[in-house]
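Architecture and fold: a report
If you want the building blocks of each chain, they are given just below.
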Amino acid sequence: MNIPPAPKVSRARAFSLVWVVPVIALAVGGWMIFRELRQRGPEITIEFADGSGIEANKTILEHKGVAIGSVRSVKLMPDHLGVEVQLRLDRDAAGVATRDATFWVVRPEIGLSGVRGLDMLLTGARLAVRPGVEPPATRFKGLDRTPPPDNSTDGRAFVLEADQLGSLNPGAPVFFREFKVGSVETSWLADSATAVLIRIRVFAPYVNLVRTNSRFWNAGGVSLKLNLLGAQVKSTSLESLFAGGIAFATPDGKTLAPPAEEGARFKLNAEADKDWLKWRPSIPVQSEEASPKPETNSAIAEALKK
């Protein structure tokens, strides 16, 4: 009688390798969800008059060139007079949503003065913010264009009254002796609608150049004068030729007029008087370029010796 061999007993594996991939995928997914929730900041609502270029899950909010949030949804307001943009801020950027914060739409600009934001022609519009100092808020009214720069501590602002705005858009240069010393900040129509008011800012080193008796004129474009001897063409600079510009002069004399105060008003003339171009006042400026450091002077002297 043949005795059959004893059966072999084997134990099943406690854990199959088939489950390794799903477990890893679940762990990675859980980590991504945890990281998203950890980085998620508050959600805010911004009202805009026009939502062109703003897209959900694509348009971002930037501050100083860094993305700090993204648009979640864009929808019409109940009264159909604008759009509501729901935006989620990053957690570390929650502090920008203050009651006095300013939000605006940044779009590519193409003009005679150049091209700005060329990359946005492909990526679409972006949102930008200027934080404030007041308590937090969740609802804001946005601007459809870039606001004037908030640099009230840098230089001094003056208001010019002109018959027409012309090409004096924000950013247009302000010249003294054909040297750029400031720029145009913004413009608006006077309450009586009889003039255009233009706010300019003269940079800090050159504020003393503006006196109470200074004269301002439009220096943009090309000046063409014809006479018996021929034609005379004059332009302050290539920048002012395309973007517009303002120039000013201050009378010279034994006693200079007092410096103009913040917000002082002047008339913007269409062109300069011949006598204004002859003024040569001696007014100290606080430009660092005008006073090189001692080591710079030594370097220049050594270079001249060679």
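In short, a report on the structure.

1. Quick word on the pattern of salt bridges
- Following the criterion strictly, the structure yields seven salt bridges and no others.
- With a closest N to O distance of 3.9 Å, Lys-58 and Glu-55 form a salt bridge.
- Overall, the relative accessible area of 43% leaves Lys-58 in the partly exposed class.
- Between Arg-199 and Glu-185 there is a salt bridge, and its shortest N-O distance comes to 2.7 Å. A residue pair is termed long-range when its members are at least 10 positions apart, and Arg-199 in strand S13 (residues 196-202) and Glu-185 in strand S12 (residues 179-189) qualify at 14 residues.
- The structure contains a network of salt bridges with shared partners spanning Glu-47, Glu-84 and Arg-139.

2. What to know about the sheet that holds strand S10 (residues 156-162)
- A barrel is described by the order of its strands in space; here seven strands give the closed sequence S10-S13-S12-S11-S17-S14-S18, paired in mixed fashion. Averaged over all pairs of adjacent strands, the angle between their axes in this sheet comes to 35°, without regard to strand direction.

3. Describing the nonpolar core
- Counting residues in each nonpolar core, the largest one holds 25 residues, and the members touching the most others are Ile-198, Ile-200, Phe-216 and Ile-246.
- For this core, the secondary-structure elements that each account for two or more residues are S10, strand S11 (173-176), S12, S13, strand S17 (246-249) and strand S18 (265-269).
- Looking at this core element by element, the count peaks at four residues for S13.
- The contacts of Ile-246, once residues within four sequence positions are left out, are Leu-160, Leu-168, Pro-173, Val-174, Phe-175, Val-184, Ile-200, Phe-216, Trp-217, Ala-219 and Leu-268.
- Core analysis: the second largest hydrophobic core is formed by 21 residues, Val-71, Ala-93, Val-105 and Val-129 among them.

4. Side note on the pairing of S12
- Across four bridges, the pairing between S11 and S12 is antiparallel. Of the residues in S12, the one forming a bridge with Phe-176 is Phe-179.
- Between S11 and S12, which pair antiparallel one after the other, the connecting turn spans two residues, and Arg-177 there sits at a positive phi close to 55°.
- Linking S12 to S13, which pair antiparallel, is a turn of six residues; within it Ala-193 sits at a positive phi near 60°.

5. Overview of the side chain of Thr-186
- Relative to the assigned elements, Thr-186 resides in strand S12.
- In this structure, Thr-186 is in contact with Pro-148, Pro-170, Leu-197, Ile-198 and Arg-199, ignoring residues within four places of it in sequence.

6. Structural notes on the packing of aromatic side chains
- Taken as a whole, this structure holds eight aromatic pairs when the rule is applied.
- For the ring pair Phe-176 and Phe-248, a centre distance of 5.1 Å and an interplane angle of 45° mean the geometry is tilted. Here Phe-248 lies in strand S17 and Phe-176 lies in strand S11, a separation of 72 residues in the sequence. Residue Phe-176 shares its accessibility class with Phe-248, and that shared class is buried.
- Relative to Trp-279, the ring of Trp-276 lies with its centre 6.4 Å away and its plane at 35°, an arrangement referred to as tilted.
- Linked through ring pairs, Phe-158, Phe-176, Phe-216, Phe-248 and Phe-266 together constitute an aromatic cluster.

Cut-offs used in this document
Residues numbered from 1 in each chain as written. Predicted model: local features only at pLDDT ≥ 70, side-chain atom pairs only at ≥ 80, totals over all residues. Heavy atoms only, no water. Salt bridge = Lys/Arg side-chain N within 4 Å of Asp/Glu carboxyl O. Buried < 20%, exposed > 50% of the residue type's maximum accessible area, 1.4 Å probe, protein only. Helix = DSSP H or I, 4+ residues; strand = E, 2+ residues; numbered from the N terminus. Pairing = 2+ DSSP bridges. Axes fitted to C-alpha atoms, helices over the stretch in contact; angles between N-to-C directions. Core = buried A, V, L, I, M, F, W, Y, C linked by side-chain atoms within 4.5 Å. Contact = heavy atoms within 4.5 Å. Phe/Tyr/Trp six-rings, centres within 6.5 Å; stacked < 30°, edge-to-face > 60°.

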